[in-house]
Amino acid sequence: MTQRSRAIVRIHFHPTERSEKLFEQLLAVLEGISPRIEPLPADWSAYVDLSGALRFWDRDVEGLVGVIRLRLLALHGVQSSAGAGPTRSIAAMAADLTPPGAATIVHDDPYEIAAFLRPKPAAALPGIGPKTARTLARYGITTVGDIADTQLATLQRILGTPAARQAQELAHGRDDRPVVPAAAPKSMSASHRFESDELDPGRHHRTVLALVEDLGARLREAGEIAQALTLTVTYADRTQTARTRTLTEATAHTSALVGLAHELLTGLGLQRARVRALAVRAERLRPAEHAAHQLTLDDRDDKQHRLEAVLDRARARYGPGIAGAASAYRKRGHSWEHQRRYRPDGVPGRMVGK
């Protein structure tokens, strides 16, 4: 039986520019409506459980979602989109198909739930990725309704027991996962705004490298390690693209962060993009003493980490930007294109390369 008396909202924020402070302010707006908030900072969204708030505010789901979106716009100038339903999965699916400035509401009614779910392509169901959807399509299972109608034993042979059971439960609108109130996971970011729209892919890469080096140094200084990295690109028309990837192991070492940032940037294919700003954010931070490093017979990591410690001491003494990877600097004649730092005596800072 479908969950009753639940009203869950998945809301996406669409600001023109992103910052940690702004995300916290937007969450505060949600908390003013309901204390049951589950932040999802990686894609600038959150789940909100309005089940208990509807009676308190004496409004229906449409009315309360409208209040939330109006407050976000009035207080912070941030447009939003929202999907609401009796379960997390329905709310997420509704939010995914909703454009900025709108809301999609699926009421807790069996016929309305079925009408919403059954025509959707199989890949729209949470947990069904493109590869799984292609596998199902080979058996003629192309929609959520097809998943709901297929015998469980058949699905188990195709997907395996756990995945088949989950898919069929969600296809029937059954999902008892709660919204788990939590503080936004700690993060740390670095960003750069170009003086004019930047078309040069080489400069994009050098800028991201410099940002990651700064981020790594700050993480080590704070005694934190990151479990994921997010790269956000702001274009000339103020639209944004963000990509997040989890690190193989939580770290604050620049070499690992640089490698992942390079993959994220390369994957975006910005060869002809007019880029206005770039930002890198270290996600899901935790204390450095919790780090676990896989042992190898290669001593290159140890050498890099010793050099990293030397560079950190140089930055601590002379200020940020005093040292970094040579590839973060572009040579022009006999000068280096970078924000050069000066010691208190006015002598230009020395550039140290890896």
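Quick notes on the rules
Residues numbered from 1 in each chain as written. Predicted model: local features only at pLDDT ≥ 70, side-chain atom pairs only at ≥ 80, totals over all residues. Heavy atoms only, no water. Helix = DSSP H or I, 4+ residues; strand = E, 2+ residues; numbered from the N terminus. Contact = heavy atoms within 4.5 Å. Areas by Shrake-Rupley, 256 points an atom, 1.4 Å probe, with all protein chains shown as cover. Buried < 20%, exposed > 50% of the residue type's maximum accessible area, 1.4 Å probe, protein only. Polar contact = N/O pair within 3.5 Å; in protein donor to acceptor, adjacent residues only side chain to side chain. Core = buried A, V, L, I, M, F, W, Y, C linked by side-chain atoms within 4.5 Å. Pairing = 2+ DSSP bridges. Axes fitted to C-alpha atoms, helices over the stretch in contact; angles between N-to-C directions. Phe/Tyr/Trp six-rings, centres within 6.5 Å; stacked < 30°, edge-to-face > 60°. Lys NZ or Arg CZ within 6 Å of the ring centre and 35° of its normal. 1 Å grid on protein atoms, 1.4 Å probe; cavity = no way out; pocket = protein on both sides within 12 Å on 5 of 7 lines; lining within 4 Å. Points joined across faces, edges and corners; volume = space filled by probe spheres on them. Nonpolar A, V, L, I, M, F, W, Y, C, P; charged D, E, K, R; others polar. Salt bridge = Lys/Arg side-chain N within 4 Å of Asp/Glu carboxyl O.

Colleague: Residue-level account of the overall build of the protein chain, with values.
Modeller: When you go through the protein chain residue by residue, the secondary structure sums to 12 helices and 12 strands. A fraction of 66% describes how many contacts in the protein chain between residues 6 or more apart in sequence connect residues 24 or more apart. Surface exposure of the protein chain reaches about 18800 Å², of which carbon and sulfur atoms provide 51%.

Colleague: Lay out the side chain of E283 in plain terms, naming residues and giving numbers.
Modeller: Along the chain, E283 falls in strand β9 (residues 275-283). Judged by its relative accessible area of 3%, E283 is buried. A distance of 2.8 Å separates a polar atom in the side chain of E283 from a polar atom in the side chain of T230. One polar contact links E283 to R281, side chain to side chain, over a distance of 2.7 Å. Other than its neighbours up to four places away in sequence, E283 contacts A42, K186, S187, A226, Q227, A228 and T230.

Colleague: Any details on the nonpolar core? Residues and values, ideally.
Modeller: Formed by 30 residues in total, the largest nonpolar core has its most connected members in V208, L219, L229, L231, V233, L270 and V280. Counting residues per element, the ones that place at least two in this core are β6 (188-198), α10 (201-222), β7 (224-235), β8 (240-251), α11 (254-268) and β9. Counting 28 residues, the second largest nonpolar core, distinct from the first, contains A7, I11, L72 and A82.

Colleague: For the sheet that holds strand β2 (residues 37-40), give the residues involved together with the corresponding values.
Modeller: Across the sheet, which stays open at both edges, the 5 strands sit in the order β2-β3-β1-β4-β5 with mixed pairing between neighbours. Edge positions in the sheet fall to β2 and β5 (103-105), since each has one partner strand and no second. Taking the axes of each pair of neighbouring strands and ignoring which way they run, one obtains an average angle of 15 degrees across the sheet. Two elements, strand β4 (residues 79-85) and β5, share 3 bridges in a ladder whose sense is parallel. Note on β5: the bridge partner recorded for G83 is T104. Along the sheet face, helix α3 (residues 61-76) touches β1 (8-14), β4 and β5 and points at about 160 degrees away from the line of β4.

Colleague: Account for the packing of aromatic side chains, naming residues and giving values.
Modeller: Scanning the model with the defined rule gives 3 aromatic pairs in all. On the basis of an interplanar angle of 80 degrees and a centroid distance of 6.0 Å, the ring pair of F13 and F23 is categorised as edge-to-face. Highlighted residues: F13 in strand β1 and F23 in helix α1 (residues 20-31), separated in sequence by 10 residues. By relative accessible area, F13 is classed as buried at 2%. Look at F23 and you get buried, because its relative accessible area is 5%. Each member of the aromatic cluster is reached from another via a ring pair, and the members are F13, F23 and W44. The ring of F116 has K120 lying over it, and the distance from NZ or CZ to the ring centre is 4.1 Å.

Colleague: Now, about the layout of surface pockets: what can you tell me, with residues and values included?
Modeller: Estimates place the volume of the second largest pocket at around 480 Å³. Elements represented by at least two residues in the lining of the second largest pocket include exactly α1, β6, β7 and β9. By residue class, the composition of the lining of the second largest pocket is 10 nonpolar, 10 polar and 7 charged.

Colleague: A description of the environment of I8 should follow, citing residues and the corresponding values.
Modeller: Tracing the backbone shows I8 in strand β1. For I8, the residues in contact, after removing those within four places along its chain, are Y47, V48, D49, G83, A84, G85, P86, T87, R88, A91 and V179.

Colleague: Give me the lowdown on helix α4 (residues 88-96), citing residues and values where you can.
Modeller: When you tally the buried positions in α4, you get 8 out of 9 residues, the bulk of the element. For α4, the set of buried residues is R88, S89, I90, A91, A92, M93, A94 and A95.

Colleague: Break down the pairing of strand β3 (residues 45-49) for me, citing the residues and quoting the values.
Modeller: Regular strands place their side chains on alternate faces of the sheet. The element β3 is extensively covered by neighbouring structure, given that 5 of its 5 residues are classed as buried. Burial of the side chains of β3 extends over both faces: S45, Y47 and D49 are buried on one face and A46 and V48 on the other. The pairing of β2 with β3 spans 4 bridges and is classified as antiparallel. Counted as the bridge partner of E38 is Y47 from β3.

Colleague: Break down the environment of L278 for me, with residues and values.
Modeller: Considering the arrangement of structural elements, one finds L278 in strand β9. Take L278: its relative accessible area is 1%, and that puts it in the buried class.

Colleague: Can you explain the pattern of salt bridges? Please cite residues and give values.
Modeller: This model, assessed by the stated rule, comprises 13 salt bridges. Between R276 and D197 there is a salt bridge, with the nearest N and O atoms lying 3.3 Å from each other. Here R276, found in strand β9, pairs with D197, found in strand β6; they are 79 residues apart in sequence, far enough to count as distant. The class for D197 is partly exposed, based on a relative accessible area of 23%. For R218, the salt bridge goes to D214, with nearest N and O atoms at 3.4 Å. Placement of both R218 and D214 in helix α10 is noted, with a separation of 4 residues, approximately one turn of the helix.

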